[in-house]
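# Report on the structure
Each chain, letter by letter, is given below.
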Amino acid sequence: MDRKLKQSLKVAAVRQEMIVAWLTNGEKIKGIAEVSADPERVKINTIDGPIWVPINDVESISRVIRLRVEGETNE
């Protein structure tokens, strides 16, 4: 696993962002990244519950980043 991918996973977990993780076996997992105490696995909270995925099995990720618009009101 390359260093940038590992860093992106950490940032997504700290910010509790929604991610889509593509695994080396072709599987795709969608959920919210969470900080894990295990440095060898990433925790993804999916609709079906939490999943711990070995970091070496993650091929790539996409992060969903929420943007806050100045002056926006929640009505």
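Residues numbered from 1 in each chain as written. Predicted model: local features only at pLDDT ≥ 70, side-chain atom pairs only at ≥ 80, totals over all residues. Heavy atoms only, no water.

## Remarks on the overall build of the protein
- Along its length, the protein carries 1 helix and 5 strands.
- Tracing the protein from N to C terminus, the helices and strands come up as α-β-β-β-β-β.
- Counting only C-alpha atoms, the protein reaches 45 × 30 × 25 Å along its principal axes.
- Here the protein holds 75 residues, and the buried ones make up 28% of them.
- Accessible area for the protein stands at about 5800 Å²; split by element, carbon and sulfur atoms hold 48% of it.
- The average position of the 12 basic charges and that of the 12 acidic charges among the side chains of the protein differ by 5 Å. (Helix = DSSP H or I, 4+ residues; strand = E, 2+ residues; numbered from the N terminus. Buried < 20%, exposed > 50% of the residue type's maximum accessible area, 1.4 Å probe, protein only. Areas by Shrake-Rupley, 256 points an atom, 1.4 Å probe, with all protein chains shown as cover. Lys, Arg positive; Asp, Glu negative; His and termini not counted. Charge placed at Lys NZ, Arg CZ, Asp CG, Glu CD.)

## Here we look at the environment of Gln16
- Positionally, Gln16 belongs in the loop between α1 (3-14) and β1 (18-23).
- Sequence separation between Gln16 and Gly31 is 15 residues, and the spatial gap between their C-alpha atoms is 9.7 Å.
- In contact with Gln16, not counting residues within four places along its chain, are Ile32, Ala33 and Arg66. (Contact = heavy atoms within 4.5 Å.)

## A look at the environment of Val42
- Along the chain, the position of Val42 falls in strand β3 (residues 41-46).
- Taking the C-alpha atoms as reference points, Val42 and Ala13, separated by 29 residues in sequence, lie 8.5 Å from one another.
- Excluding residues that lie within four positions of it along the chain, Val42 makes contacts with Leu9, Ile51, Trp52, Val53, Ile55 and Val58.

## Remarks on the side chain of Thr46
- Inspection of the secondary structure assignment puts Thr46 in strand β3.
- On the basis of relative accessibility, which here comes to 14%, the residue Thr46 falls in the buried class.
- Polar contacts involving the side chain of Thr46 include one to the main-chain carbonyl oxygen of Gly49, which spans 2.6 Å.
- Contacts of Thr46, omitting those with residues within four sequence positions, involve Ile29, Lys30, Gly31 and Ile51. (Polar contact = N/O pair within 3.5 Å; in protein donor to acceptor, adjacent residues only side chain to side chain.)

## Things to note about the pattern of salt bridges
- One pass over the full model with this rule turns up 4 salt bridges.
- Residue Arg41 is joined to Asp38 by a salt bridge in which the shortest nitrogen-to-oxygen separation is 2.8 Å.
- Judged by its relative accessible area of 34%, Arg41 falls in the partly exposed class.
- For Asp38, a relative accessible area of 24% corresponds to the partly exposed category.
- Each of Arg15, Glu17 and Arg63 takes part in one network of salt bridges that share partners. (Salt bridge = Lys/Arg side-chain N within 4 Å of Asp/Glu carboxyl O.)

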